[in-house]
Amino acid sequence: MSVHKAVILAAGVGRRLSGAVPKALTPVNGVPIVHRALARLASVGVRETVLVVGHRADEVRAAVGVEFAGMQVSYVLADRYDTTNNAYSLWLARRHLTDDVFVLDGDVVFDAEVLTRLADSPESAASAVAAWQPGMNGAGVIAKPDGRIDRFLTAYDSTEAPHGALKTINVHLLRAQYLRAEFVPVLEELIDRGQENEFYESVLAVTAANGTVGVHAVDCTDLRWCEVDDTSDLIAAEYSFSEAAQRLSFLEQLHGGYWRFDVADHCLMINPYFPPKPLLRRLAADLETSLLNYPLGQAPLRQLLTAATGTPEHQLVVANGASELITVLGRLLDDVVLIVPGFNEYEAVFARKRRHRVELAPPDFAFEVDRCVDTAVRAQAKAVILTSPNNPTSRAIPKEDLLLLAKQLADHEMRLLVDESFIEFCPLESTVQTELDTHPNLTVIKSMSKAYGVGGLRLGYLATADTELRDLVRAELPVWNINGLAEEFLRRLPGFATEYRASLERVRCDRDEFYRELCAVPGLTVIEPDANFILVRLPNGWHAREVAEAMLSRFGILVKDCSGKSMPDADRYVRISCRTAPENHRVATSLAAVLATATAGLDAAVGF
């Protein structure tokens, strides 16, 4: 049944957005939200739309006009938009609630199919809903097996919503008979009682409770939609409504936060089995205290870190992630030798310093001590910086080779800095951190994000017996560079040592199985891993970019395109982080499908 009228509630201020334009005119990929909504309405046959405007109403009128995409557009002014809610805005437009009408909020971006599904609903009222995802908040519904809404929920978030709850998309269809018989009278009663600060869903809630008229929950989980309340919502909307070919670049520019999107993150490296739930619950209990009070300074933080790692306090520097340390080292050091490929942050911070490279050669990316020392001596370098296990190759340098390298560099008064951020995924005896006392030119850099699974806390440290370098780095850091929640994590960490060791063993087992699965994918060359990620070389004719884009667009899986790495044929390599065994299996089968589909197409094209 066709619907020819719509009401858009677009009076909001949008305080959590930039404020540069009225909320309804906030652009999503260059298209204002209200323009996109109007275009969607026009595409399904709506002929007249009423805009309830308030904040900077004249700007909205000027941007939309009295006709849009062939639709007639009229306006209702919400003069008290800053002290009332959308029930009052809809009440102001009540004279337009006579025919079948779409009612939607002016901050929702959605696919036109949402409207089509609502129009196909046989009920007198229908609300578009979707599965409740992490991070969502606001109104929701509980639906019966037949799709009728049993009750409406308000003011929930994803951690509080009852089991089986569905999130409202804030796009509804209200039929004429229902409007006359129940919706408008109940809405008027609501306003007459002075409840101008209510949501109009309160009226639908009364209807659902009375059971006199069925309100149907129309499942739109598989469609794109986003309610844009703040800048995080805006980023999510721009990703969802971007072209498929642009999505990988979009995510890469964010450098994280991928959990906000409907993607499986096999790009960033974590430990999916740590922290355990009991530790998370204790941190949650500590949250209020952690937020309201200043954290400890460097000296007592080092004591907490000693308890967690066993490294003496006098050898430690606590940092806001390894990235903070890398930036500081970039300011302090010059004349360095970098082992490449490696973590790109090292190349970035030393880009304007005297630097020299030792390239690891495929297929096995083996490290040679003598070659590294020769390069450092010829260059008269002051330090060598390397990562073990290496990122992106996932290959570890044997401990005895690193200690030999440290000794030979010491003979030339050179420092050796080893980034061991992934060393926990190797056998326990692999680390050189236990050898600092006997190698005073040796420094270890550690990110705690990877092995401990706490990327959001931004914790890392430097360990060394090189007192000169230690003091220089300490002097570069502020007194409070670690937040209170990270401090509480360090304080509680020693109590979960058993769970931590068990989690690492699970990661190793999953990684080894993942390696075997990837080896079974035809055409792939898989580098045997030592860390919690795997580097693969693609078959001839394949490029990392096209594979990464296909994995994201077809399967929602994010992997690392290594084209930007300093290595031969970098655009032939993809790095894949390990997660749980089922997730890893899905990646292996999806990658095989990407390669097989294109190969089949190529075979057909050449007449095989």
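Now for a look at the structure at hand. Since we're looking at a predicted model, the values are computed, not measured.

1. Describing the packing of aromatic side chains
Enumeration over the complete set of coordinates arrives at 13 aromatic pairs. Measuring from ring centre to ring centre gives 6.3 Å for Phe343 and Tyr346, while their planes differ by 80°; the resulting arrangement is edge-to-face. For Tyr346, a relative accessible area of 4% translates into the label buried. An aromatic cluster is built from Phe274, Tyr452, Phe489 and Tyr500, whose rings are joined through pairwise contacts. Over the face of the ring belonging to Trp91 we find Arg94, whose NZ or CZ atom lies 3.9 Å from the ring centre. Positioned above the aromatic ring of Tyr239 is the side chain of Arg247, whose terminal nitrogen or guanidinium carbon lies 5.3 Å from the ring centre.

2. Description of helix α19 (residues 544-555)
For α19, which comprises twelve residues, the first-to-last C-alpha distance of 16 Å matches the rise-based estimate of 16 Å (1.5 Å per residue) to within 8%. For α19, the full list of buried residues reads Ala544, Val547, Ala548, Ala550, Met551 and Leu552. Positive phi appears at Gly556, one or two residues downstream of α19, with a value of about 65°.

3. Overview of the environment of Ile557
The topology assignment puts Ile557 in strand β25 (residues 557-558). A sequence separation of 34 residues divides Ile557 from Leu591, and the C-alpha atoms of the two residues are 9.6 Å apart. Here Ile557 is in contact with Ala264, His266, Ala548, Met551, Leu552, Arg586, Val587 and Ser590, once residues within four sequence places are set aside.

4. Some remarks on helix α5 (residues 176-192)
The periodicity of an α-helix, 3.6 residues per turn, causes residues three or four positions apart to be oriented the same way. Helix length check: α5 (17 residues) gives 22 Å between terminal C-alpha atoms against 24 Å at 1.5 Å per residue, within 8%. Largest kink in α5: about 40°, centred on Phe183, with the proline Pro185 one to four residues after it. Among the residues of α5, Ala176, Tyr178, Leu179, Glu182, Phe183, Val184, Val186, Leu187, Leu190 and Ile191 are the ones counted as buried. Against the buried residues of α5 lie α3 (86-92), β7 (101-105), β9 (125-131), β12 (166-174) and α6 (201-210).

5. What to know about the sheet that holds strand β17 (residues 336-340)
Strand order across the open sheet formed by seven strands is β16-β22-β21-β20-β19-β17-β18, with mixed pairing between neighbours. Each edge of the open sheet is held by one strand with a lone partner, namely β16 (316-319) and β18 (355-359). Geometrically, the sheet is characterised by an average inter-axis angle of 20° between neighbouring strands, direction not taken into account. Of the pairings in the sheet, the one linking β17 to β18 comprises five bridges and is parallel in character. Looking across to β18, one finds that Val336 is bridged to Arg355.

6. Focus: the nonpolar core
Counting residues in hydrophobic clusters, the biggest one holds 63 residues, and the most contacted among them are Leu386 and Phe489. In terms of residue count, helix α14 (residues 399-410) provides more of this core than any other element does, five residues in total. If sequence neighbours within four positions are ignored, Leu386 has contacts with Ile339, Phe367, Ile397, Leu402, Leu405, Leu416, Leu417, Val418 and Asp419. By size, the runner-up hydrophobic cluster in this structure holds 45 residues, among which are Ala237, Val526, Val536 and Ile557.

7. Overview of the side chain of Arg302
Topologically, Arg302 is positioned in helix α10 (residues 298-309). On the basis of relative accessibility, which here comes to 9%, the residue Arg302 falls in the buried class. In contact with Arg302, not counting residues within four places along its chain, are Glu313, Leu316, Val317, Val318 and Arg474.

8. Considering empty space enclosed by the protein
Inspection of every chain in the model, using the stated rule, returns three cavities of 30 Å³ or more. Of the pockets and cavities examined, the largest cavity occupies roughly 70 Å³. In terms of lining residues, the largest cavity is bounded by Leu338, Ile339, Val340, Gly342, Phe343, Tyr346, Glu347, Ile385, Leu386, Thr387 and Asn390. Secondary-structure elements contributing two or more residues to the lining of the largest cavity are β17, α12 (344-349) and β19 (383-387).

9. Topic: the pairing of strand β13 (residues 215-219)
The two faces of a sheet get side chains in turn, since along a regular strand they alternate between them. Along β13, four of the five residues are buried, which leaves the element largely enclosed by surrounding structure. Where β9 lies against β13, five bridges are found, and the strand directions are parallel. Residue pairing for β13: Ala128 is matched across the bridge by Val218.

10. Brief notes about the layout of surface pockets
Of the pockets and cavities examined, the second largest pocket occupies roughly 1200 Å³. Every residue lining the second largest pocket is counted, 34 residues in all, and those nearest its centre are Gln133, Met136, Trp225, Ser240 and Arg260. Contributing elements (two or more residues each) for the lining of the second largest pocket: β9, β14 (225-227), α7 (231-240) and α19. Counting residues per element, the lining of the second largest pocket draws most heavily on α7, which supplies five residues.

Each value, and the rule that gives it
Residues numbered from 1 in each chain as written. Predicted model: local features only at pLDDT ≥ 70, side-chain atom pairs only at ≥ 80, totals over all residues. Heavy atoms only, no water. Phe/Tyr/Trp six-rings, centres within 6.5 Å; stacked < 30°, edge-to-face > 60°. Buried < 20%, exposed > 50% of the residue type's maximum accessible area, 1.4 Å probe, protein only. Lys NZ or Arg CZ within 6 Å of the ring centre and 35° of its normal. Helix = DSSP H or I, 4+ residues; strand = E, 2+ residues; numbered from the N terminus. Expected span 1.5 Å × (residues − 1). Contact = heavy atoms within 4.5 Å. Bend = angle between axes of the 7 residues up to and from the residue. Pairing = 2+ DSSP bridges. Axes fitted to C-alpha atoms, helices over the stretch in contact; angles between N-to-C directions. Core = buried A, V, L, I, M, F, W, Y, C linked by side-chain atoms within 4.5 Å. 1 Å grid on protein atoms, 1.4 Å probe; cavity = no way out; pocket = protein on both sides within 12 Å on 5 of 7 lines; lining within 4 Å. Points joined across faces, edges and corners; volume = space filled by probe spheres on them.

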